[in-house]
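So the chains spell out like this:
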Amino acid sequence: MSTAPAESLLGLGDKLLEIDEGKFRQVVGLLEHMGDHPDVLRTFSMIRPRLAELRPKRRPTLKRLFCEPFEDLFDPVLPGEKTPVNTIERAVINHLWPLVEGQLGSEALAAFAAQQREATDAGNAAAAAELAEAFWAAAAEAVRTVALLLETGRLTEAMDLRISPERMRAVQDIATALAIAPALADLKRALAPKPLAKLHQDHLDEVQAIGRRLAKADGHALKVFVLVAAARLADPSLLLGALWHMDFGQKPADRAALFAELSGSVVSHIEERARAMGEGKPGAADRLAVADLAAGLVASLDATRKAMEVSRRSEFDQRLKQVRGAVHEMVRTQLLAGAETDILGTVETAVGKDGVKQAENHARALRKCATIADSLGLRTELRQVTDKTVSALTGAAQQVLGGSQQAAAADPRAGYAAIRMIELISGPVEANRILGEILDRARPL
Amino acid sequence: MRSLTNFTPATFEERGAAVAFTTPVLAQTRVRKDERDQLEVLIPNLSEGRGVYVVAWKGLPLAFPMTVHDRMLQDLIAKNGGCSPDDLRKAAMEVARLGLAGPEAQEAAEAAHKDDEEQRLLINFQLIGEVLKAVGLESTDILRAGLASEQGQRLTRTYMIKAGQHLGIEPTELYLRVAELASAMEPIGLVSSPKPARLRRLMGELVRFRDSIADWATDNVSEAAPIGGFCAEVAEHTLNHVRTVIGRLDGAVASFEVLLRQWDTQRKVVRQACTRLSWLLDGWEFITALWAESQGKSRHELDIAVHEIFRIIPLLPRNEDKVDLSLEAGKVFTLNRRAVRAYVDWRTGQLDADLVMRIEALKGRAA
């Protein structure tokens, strides 16, 4: 491609997020041919949310192959996607890759690239797998060397990125992930599709079997292995609960250290989510989102607490207690306070579709709270609020659907609106029972 | 409750028609009549296998916790007795209009009701226009006077009497024929209609769905891609049949004089074609809405949508297509069992409020 069209392509900027899908795929193909130029990388960073959404077929490159073992640890692209425990910044990869290329040498790189092209063109999966293993082993060695040089400050300038302890940890995790890449490939196959909402026994068996193989060869690598496994779950604390019961064939001290390491990361992760929750002050329309967030945090807190109890560790107790306190306060002030007025108001007066939707979300939020109220010590408060609201709603439904003279003149939809709110708060069984009783009473004998 | 492991229905009636339930495990399950003319419901994939469970209609609330909307819909369907796609749609709209599936579904049901009424008026007028055209008369005078106005109606009567005389059909009989045609063709409308009727619009949605999911499946590395590809194939088979039936109907209307003159044979052809079309497109409204709603969402959510579509996709019955789609679906399921397993939430039987909410939102789009 000549320079002018290339520049105009890069100049498209934000427009790349809006052009039609076919053209977008074409542009991605063209950008890939332009190599690793900083402007190209910047453009890719900008369009990454759309790439993640559309997943256009990308040209296999050595850099992409390099990232494959630890891609689950990347910072999320799409809004709302969860952040993995011990994230690896994409910027670290972009700055590290040229150094790895330097360590591998142009001859070796050219040979790997040629093999990759050959395997891709022929569609030869076995050859591609063989190449991947050889490449990951060589890349692991290269990253290890880079890490050593960075530690001694000799490559800091070439890296062209401020090296914080966190980034240093990321580089070391990358080296480890590359060294155990085949095991991570097996792990990905076992924990698919990502994100797993629930860990079944066969998932755990496979994680344990792969982990045992790994522990025999390299005990230190288990940490990265466990981090990747956690990143493939909808909630990383799910793995924490199961981890204590897993036998990777380690010594008890190593097992405890591994558990402590993941626990620390998971607790920090929970704290981060709670902090983010405190920063955002959602309005009335977001009450269901508040309940979802609270339920997610309580699930993580409970799973972590259970894991801590089994392992008899208490060092995180205070931190977990603080998070729980913050969630308690959020539920009390944002969901319980004013619920009755909010919900009943929409049944008694016409508030329009948006008003009804808002009140319905509040009702749903109350129901969701029922699953976490015990854990937050809010059982009595929640029961008082729901009992009072349901009783008022039942009265409203009775008035309209109860068969009285007054009821005959009313719009039955108002009665059904009250029944629906009861259903959203107390569930369909209760709502069906109340409706059944009202209609039975209304029927002439 | 009994289970049928290899459920390969031969006819549409045996396959049953989809019910717009909001209880997740019952969403888009199919209802049909058993040999004693009693309603029964077919529930797919309760466990992780293929096949369906057959539950007596009356026993449904005992087997599953149902939403208030669904209990009311179930009662209404039982009371009305019919279980054709049209019967079920009318019942679903009636319940949704009470607001029991939320404000979006209520609004959509109101809009659909209004649209039905408009289409009824429109097709009546268009068919009268076709009658007049068939005998060389113009309907522009009526249009100018206003169809609903007194003068417009007077003009219509005069022209219809003339048309009846020309065709050798009693005017009353001519009116009856037009009314019968209008009632049968109301959901399909005429090809010349300025506003396509419901089933023509749905056909367009199905074309878009097929293209979109086929594109997604071709360009995707997801484990759900082969399942998506299969869904596109089923849509394609269905579309082929829909095109044939609509072509036949449009052809019949194009030779309107023949249609009126050979009424005894042609009315059956039209009726059968209309019924067949409603069966062919039954269940697709929910699926196309589900897919459209998933666009722009995360990979995981798209995968879930594909699996859900696969679970409820209306496979053509054995006698309706050259390819045995039930057999093909079985193969797809066996090959992708591992990928399918992770999405058991829809089938757990637990009443998940989030899933109910999602289905209600889809009702808002699909009604």
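Since the structure is predicted, the reported quantities are computational estimates derived from the model, not experimental observations.

1. A few points about the overall build of chain A
- Counting secondary structure elements, chain A contains 23 helices and zero strands.
- The proportion of buried residues among the 445 residues of chain A is 35%.
- When contacts within chain A are restricted to residue pairs at least 6 apart in sequence, long-range pairs at least 24 apart make up 73% of them.

2. Side note on the overall build of chain B
- What chain B contains, in helices and strands, is 17 helices and five strands.
- Taking 367 residues into account, the globule formula puts the C-alpha radius of gyration at 21 Å, and chain B, at 22 Å, falls close to it.
- Considered along the principal axes of its C-alpha atoms, chain B spans approximately 70 × 45 × 40 Å.
- Of all intrachain contacts in chain B linking residues separated by at least 6 positions in sequence, the fraction that spans at least 24 positions is 65%.

3. Considerations on the pairing of strand E4 (residues 39-44) of chain B
Residues and elements named next belong to chain B.
- With four bridges connecting them, strand E3 (residues 30-33) and E4 associate as antiparallel partners. Its bridge partner lying in E4, Lys 33 is registered against Leu 39.
- A loop of five residues connects E3 with E4, the two strands running antiparallel in sequence, and Asp 37 in this loop sits at a positive phi of about 65 degrees.
- In the sheet, E4 pairs with strand E5 (residues 52-56) via five bridges, with the strands oriented antiparallel. Paired with Leu 42 across the strands is Val 54, a residue of E5.

4. Quick word on the nonpolar core
- Counting 202 residues, the largest nonpolar core has A:Val143, A:Phe225 and A:Val228 as the members making the most contacts within it.
- The contacts of A:Phe225, once residues within four sequence positions are left out, are A:Ile180, A:Ala183, A:Leu184, A:Leu187, A:Gly211 and A:Leu214.

5. So, helix H7 (residues 150-167) of chain B
All names here are of chain B.
- Here H7 is 18 residues long and its end C-alpha atoms lie 25 Å apart, about the 26 Å a rise of 1.5 Å per residue gives.
- Considered for burial, the residues of H7 that qualify are Thr 156, Tyr 159, Met 160 and Ala 163. Across the axial projection of H7, the buried residues extend over an arc of 105 degrees, all falling on one side. Set apart from the buried face of H7 by more than 90 degrees, the exposed residues are Glu 150, Gln 151, Arg 154 and Arg 157.
- In this structure, the buried residues of H7 make contact with helix H5 (103-134), helix H6 (140-145) and helix H8 (171-185).
- One or two residues past the end of H7 sits Gly 168, with phi positive at roughly 75 degrees.

6. Remarks on helix H17 (residues 339-348) of chain A
All names here are of chain A.
- Within H17 the residues assigned to the buried category are Ala 339, Glu 340, Ile 343, Thr 346 and Val 347. The buried residues of H17 occupy an angular sector of 150 degrees when the element is viewed end-on, so they sit on one face. Structural note: H17 exposes Thr 341 and Glu 348 on the side pointing more than 90 degrees away from its buried face.
- On its buried face, H17 sits against helix H16 (317-336), helix H18 (352-370), helix H20 (379-401) and helix H22 (412-426).

7. Brief notes about the interface of chain A and chain B
- Taken together, the contact pairs 28 residues of chain A with 25 residues of chain B.
- Sorting the residues of the side of chain A that touches chain B by element identifies H18, H22 and helix H23 (428-442) of chain A as the ones contributing at least two each.
- With seven residues, the single largest contributor to the side of chain A that touches chain B is H22(A).
- A per-class count over the side of chain A that touches chain B returns 15 nonpolar, one polar and twelve charged.

8. With respect to the confidence of the model for chain B
All names here are of chain B.
- Overall, the predicted model of chain B reaches an average pLDDT of 86, with 92% of residues at or above 70.
- Of all helices and strands in chain B, the one with the weakest mean pLDDT is helix H16 (residues 337-341) (48), whereas strand E2 (residues 17-18) scores best (96).
- Contacts of residues 339-350 to residues separated by more than four positions or lying in other chains number 22 contacts, the stretch itself having pLDDT below 50.
- In the model output, the complex is listed with pTM 0.71 alongside ipTM 0.83.

9. Things to note about the pairing of E3(B)
- Alignment of E2(B) against E3(B), held across two bridges, turns out to be antiparallel. Among the inter-strand pairings, B:Ala17 is bridged to a residue of E3(B), identified as B:Val31.

10. Topic: the environment of B:Met93
Residues and elements named next belong to chain B.
- Along the chain, Met 93 falls in helix H4 (residues 85-96).
- The class of Met 93 is partly exposed, set by 18 C-beta atoms lying within 10 Å.
- Note: C-alpha distance between Met 93 and Ala 232 (139 residues apart in sequence) is 28 Å.

11. Quick look at the sheet that holds E5(B)
Residue and element names in this part refer to chain B.
- The strand order across the open sheet built from five strands is E1-E5-E4-E3-E2, with neighbouring strands paired in antiparallel fashion. Pairing within the sheet leaves two strands with one partner each, and these edge strands are strand E1 (2-4) and E2.
- Of the pairings in the sheet, the one linking E1 to E5 comprises three bridges and is antiparallel in character. For Leu 4, the partnering residue across the bridge sits in E5 and is Val 52.

The rules behind the values
- Residues numbered from 1 in each chain as written.
- Chains lettered and ligands numbered in written order.
- Predicted model: local features only at pLDDT ≥ 70, side-chain atom pairs only at ≥ 80, totals over all residues.
- Helix = DSSP H or I, 4+ residues; strand = E, 2+ residues; numbered from the N terminus.
- Buried ≥ 20, exposed ≤ 12 C-beta atoms within 10 Å, placed from the backbone.
- Contact = placed C-beta atoms within 7 Å.
- Rg over C-alpha atoms; globule rule 2.2 N^0.38 Å.
- Pairing = 2+ DSSP bridges.
- Core = buried A, V, L, I, M, F, W, Y, C linked by C-beta atoms within 7 Å.
- Expected span 1.5 Å × (residues − 1).
- Arc of directions from axis to C-beta.
- Nonpolar A, V, L, I, M, F, W, Y, C, P; charged D, E, K, R; others polar.
- pLDDT = per-residue confidence, 0-100.

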